[in-house]
Amino acid sequence: MCGRFCIAASPGELSERYRVQIPDTYIPRYNLAPAEPMLFISKGDDSLLAEMGTFGFMNGLKTRIINARSETVLEKPLFRKINETGRCLIPVSGYYEWHHISGQKIPYYFFLPSYPILTFAGLMRDTGDVKEVVILTTASEGKVKIIHPRMPFIILEEAENDYLAGCDPEKMCKIPPSDILIHRVSEKINTPGIDGPDLIRPVSNHISNQTTLF
């Protein structure tokens, strides 16, 4: 499950990376949560198109779906048609996940120093009132699996067009989990609405005095 992420890139950096015009309403976010505005990139008639949408599909009055499993996306009625027409790219700087241990939920930040802008595979649906976006997830591997059994589906830059064109995500190359760095962050991240660069900075484990899990 991926329910909180950071996109710290400037409009200029995103425009250069994806060769798109970034909406004026975009602002960098360090604690982007479900139901909040988020940037996504889709395939236009002749080029890529960057737009603002809402994180998560509303499914009933109170339920919001934020993730879709890449392994079974074609089997779910909610996603089957959208998978053909609503594929999108989600620019991120990194994401958060919580490690459950001894009754505690300890937040960690996941990022790749060599990729200041990562791309998550996403799906978008247009409700007529708003464009809603979910993040595709895949099974975790290696050290990432210690924190959580699922992780976002991170697309290599050279495979982004293939994903938008309809290629099976499970047959595409993904970022090796071994390349991902992880460090513990402040529990301030638990509160939606709190934002700022301090949220992605490592904090010391008061027990081991280490900032990382590994």
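Further up the page is the structure itself.
Residues numbered from 1 in each chain as written. Predicted model: local features only at pLDDT ≥ 70, side-chain atom pairs only at ≥ 80, totals over all residues. Heavy atoms only, no water.

### Describing unusual backbone geometry
- Of note, Arg 19 is a non-glycine position whose phi angle comes to about 60°, a positive value.
- Counting through the fold element by element, Arg 19 comes out in the loop between α1 (11-18) and β2 (29-32).
- Judged by its relative accessible area of 71%, Arg 19 is exposed.
- Even without a glycine there, the phi angle at Ala 35 is positive, about 80°. (Helix = DSSP H or I, 4+ residues; strand = E, 2+ residues; numbered from the N terminus. Buried < 20%, exposed > 50% of the residue type's maximum accessible area, 1.4 Å probe, protein only.)

### So, the sheet that holds strand β1 (residues 5-7)
- Read from one edge of the open sheet, five strands run β2-β1-β9-β10-β14, paired in antiparallel fashion. Edge strands, defined here as strands with exactly one partner in the open sheet, are β2 and β14 (181-184). In this sheet, neighbouring strand axes are inclined to one another by 30° on average, regardless of whether the strands run parallel or antiparallel.
- Across four bridges, strand β10 (residues 104-111) lies against β14 in antiparallel orientation. From the neighbouring strand, Phe 111 faces β14, where its bridge partner is Leu 181. (Pairing = 2+ DSSP bridges. Axes fitted to C-alpha atoms, helices over the stretch in contact; angles between N-to-C directions.)

### What about the nonpolar core?
- The biggest cluster of nonpolar side chains holds 55 residues, and the ones touching the most others in it are Phe 5, Leu 14, Ile 90, Leu 123 and Tyr 163.
- Counting residues per element, this core draws most heavily on strand β11 (residues 118-126), which supplies five residues.
- Those residues in contact with Tyr 163, other than ones at most four positions away along the chain, are Arg 87, Cys 88, Leu 89, Ala 121, Gly 122, Leu 123, Leu 136, Ile 155, Pro 169 and Met 172.
- In this structure, Cys 6, Tyr 96, Tyr 109 and Leu 199 belong to the second largest nonpolar core, which totals nine residues. (Core = buried A, V, L, I, M, F, W, Y, C linked by side-chain atoms within 4.5 Å. Contact = heavy atoms within 4.5 Å.)

### Things to note about the packing of aromatic side chains
- Evaluation of the coordinates by the stated rule reveals six aromatic pairs.
- Between the aromatic rings of Tyr 96 and Tyr 109, the centroid separation amounts to 5.1 Å while the plane-to-plane angle is 45°, which identifies the pairing as tilted. Within this pair, whereas Tyr 96 is found in strand β9 (residues 94-101), its partner Tyr 109 is found in strand β10, the two being separated by 13 residues in sequence. One exposure class covers both Tyr 96 and Tyr 109, and it is buried.
- Ring geometry for Tyr 109 versus Phe 111: centroids 5.5 Å apart, planes at 15°, classification stacked.
- What links up through ring pairs into an aromatic cluster is the set Tyr 95, Phe 110 and Phe 120.
- A cation over an aromatic ring shows up here: Arg 17 above the ring of Tyr 18, its NZ or CZ 4.3 Å from the ring centre. (Phe/Tyr/Trp six-rings, centres within 6.5 Å; stacked < 30°, edge-to-face > 60°. Lys NZ or Arg CZ within 6 Å of the ring centre and 35° of its normal.)

### Regarding the environment of Met 38
- Examined against the element boundaries, Met 38 turns out to sit in strand β3 (residues 37-43).
- Sequence separation between Met 38 and Tyr 26 is twelve residues; the distance between their C-alpha atoms is 7.8 Å.
- Excluding its chain neighbours within four sequence positions, the residues that come into contact with Met 38 are Phe 5, Leu 32, Glu 51, Met 52, Gly 53, Thr 54, Phe 55, Ile 90 and Val 133.

### A word on the pattern of salt bridges
- This structure, assessed with the given rule, holds eight salt bridges.
- Put simply, Glu 157 and Arg 17 hold a salt bridge, and the shortest N to O gap is 3.7 Å. On the criterion of sequence distance, the pair formed by Glu 157 in the loop between β13 (150-152) and α4 (160-164) and Arg 17 in helix α1 is long-range, its members being 140 residues apart.
- Here Glu 157 falls in the partly exposed class, since its relative accessible area comes to 45%.
- Taking the relative accessible area as the measure of exposure, Arg 17 reaches 17% and is therefore buried. (Salt bridge = Lys/Arg side-chain N within 4 Å of Asp/Glu carboxyl O.)

These results come straight from atomic positions and should not be treated as a statement about function.
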